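# Survey of secondary and tertiary structure
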Amino acid sequence: MSLIVQKFGGSSVADAERLRNVARIITETRKKGHQVVAVLSAQGDTTDELIEKAAELNPNASKREMDMLLACGEQMSISLCAMAIQALDCQVISLTGWQAGMLTGSVYGNAWIKNIRTDRLQRELDQGKIVLVAGFQGINKYDDITTLGRGGSDTSAVALAAALHADLCQIYTDVDGVYTADPRLVKGARKLEEITYDEMLELASLGAQVLHNRSVEMAKRYNVRLEVLSSFSGKPGTKVKEVVKNMEKTHVSGVAKDKNVARLALVGLADEPGIAFKIFSLLAKNSINVDIILQSIGRDESKDISFTVVRSDAQKARELLEENRDYIGFESIEVNDKIAKVSIVGAGMVNNPGVAARMFEALYGVGINISMISTSEIKVSVLMDERDTDRAVQAIHDKFYPEFGTAL
Ligand code: ADP
Ligand code: ASP
Ligand code: MG
């Protein structure tokens, strides 16, 4: 008998009919003789609606109370699904993050999983029950409810799979698997049979919402067998693993976009040692994560430094830098929050110098201007006006995946 962790996202549990469908998938797996732990997200847009409700009363509500509220969505899903499973005459129990032993750090709204105490889960499984666990939530050292960040139910599922040494973790969603680009937005996007943890981690971190990036990181660290598949179609999904069959063949596995980006530019900095240290240590001390950094060649003893942060940090970063203008020494600061990042990801890129050039050719072909470029062994990211992103993703995808050709 194997143990399978299954996770069902918001659209998979959106209404009674869909909950019945999920109950059927779970009970069929159980009837095949497997132990099942199923992690559920809140129904449909429930989390967004709860955030709106909170904003009506207090746009600056404390993060603790926000977590208290947001955790309700997942709790509704597990209890309703348990009722649907009981209607199918199967033994089932639903557990909140706390009851399932999900211990997290104390940061509300973006808590990290520290440990999972599996004794209760194990006891319920040993009694032959299907166990439903509320995704996205845990409990911190103050006995308060925490949430793991938007999209965090994927991470709950992978963490449970790792802690319980599950044989497989299946992420059920509203598309058939991981595609070469968002299949809802990009014509000709193709489903990948398999993808490496490293590529999936990059794609997820660069904006492909299909998996929470922390879930992929965790799956890699604990070697969790991961599969992304549809809760509607019954088709085979995408396997996420350490090594894939055609490692050398495919240079580009996917194209992703991320609009949650802002660029700051510091103009007129002194061209001397220590400037970058002063800027970025100041931001780091204030927990502001910096992504792409570009420094211009110094001329007339002055230089410029531009960098990107997530949009919600842009204002705070500007204020910090302004407050420290004398310490750092710059003429002016510019903030642009109407930009976005488009990236290609592929393990075979490092040995194929032409890949980045093909991406730039695709953008040139549709007249899109690039404002910053960043590369690593397995990705190339470019920054552009946010209005250009959808056209850019389609043009780049067409270049690497021509309609009747093969992936380059
Ligand atoms: P869930 O509610 O099941 O967690 P999400 O909405 O978080 O689902 O993620 C699934 C969505 O991710 C898909 O509907 C799709 O639009 C989007 N997506 C973005 N990039 C990709 C990609 N490369 N492959 C598949 N889906 C993607
Ligand atoms: N319900 C949470 C969200 O909407 C967590 C999740 O769906 O994974 O972000
Ligand atoms: Mg999701």
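Scroll up to find the structure.
Here is a short report on the structure shown in this document. Everything quoted here is computed from the prediction, not taken from an experiment. (Residues numbered from 1 in each chain as written. Chains lettered and ligands numbered in written order. Predicted model: local features only at pLDDT ≥ 70, side-chain atom pairs only at ≥ 80, totals over all residues. Heavy atoms only, no water.)

Turning our attention to the pattern of salt bridges. Note on pairing: side chains with opposite charge can pair once their charged atoms come close. One pass over the full model with this rule turns up 21 salt bridges. With a shortest N-O distance of 3.7 Å, Lys-235 and Asp-176 are connected by a salt bridge. Note that Lys-235 is positioned in the loop between strand S11 (226-230) and strand S12 (238-241) and Asp-176 in the loop between strand S9 (168-173) and strand S10 (194-196), a separation of 59 residues in sequence. Among the charged side chains, a network of salt bridges with common partners joins Arg-64, Glu-65 and Asp-144. (Salt bridge = Lys/Arg side-chain N within 4 Å of Asp/Glu carboxyl O. Helix = DSSP H or I, 4+ residues; strand = E, 2+ residues; numbered from the N terminus.)

So, about the site of ligand 2. Lining the immediate environment of ligand 2, one finds Ser-41, Ala-42, Thr-47, Glu-74, Phe-136, Arg-150, Gly-151, Gly-152 and Ser-153. In the environment of ligand 2, an oxygen atom lies 3.2 Å from a nitrogen or oxygen atom belonging to the side chain of Ser-41. With respect to ligand 2, the side chain of Thr-47 contributes an N or O atom lying 2.8 Å from a nitrogen atom. Protein chains bury 86% of the 260 Å² of accessible surface belonging to ligand 2 in isolation. For the shell around ligand 2, a count of residues per class yields 2 nonpolar, 5 polar and 2 charged. (Near = heavy atom within 4 Å. Polar contact = N/O pair within 3.5 Å; in protein donor to acceptor, adjacent residues only side chain to side chain. Areas by Shrake-Rupley, 256 points an atom, 1.4 Å probe, with all protein chains shown as cover. Nonpolar A, V, L, I, M, F, W, Y, C, P; charged D, E, K, R; others polar.)

Moving on: the site of ligand 1. Around ligand 1 lies a shell of 16 residues, among which Thr-173, Asp-174, Tyr-179, Asp-182 and Arg-184 are the nearest. One of the side-chain N or O atoms of Asp-174 is found 2.8 Å from an oxygen atom in ligand 1. Within the side chain of Arg-184, one N or O atom sits 2.8 Å away from an oxygen atom of ligand 1. For ligand 1, the accessible surface in isolation is 570 Å², of which the surrounding protein chains cover 88%. Across the shell around ligand 1, the residue classes tally to 7 nonpolar, 5 polar and 4 charged.

What follows covers the nonpolar core. Nonpolar side chains tend toward joint burial in soluble globular proteins. Counting 45 residues, the largest nonpolar core has Val-37, Leu-121, Cys-169 and Met-200 as its most contacted members. Residue contributions to this core peak at 6 residues, all from helix H5 (residues 153-163). If sequence neighbours within four positions are ignored, Cys-169 has contacts with Val-5, Ala-157, Val-158, Ala-161, Val-224, Arg-225, Leu-226 and Glu-227. (Core = buried A, V, L, I, M, F, W, Y, C linked by side-chain atoms within 4.5 Å. Buried < 20%, exposed > 50% of the residue type's maximum accessible area, 1.4 Å probe, protein only. Contact = heavy atoms within 4.5 Å.)

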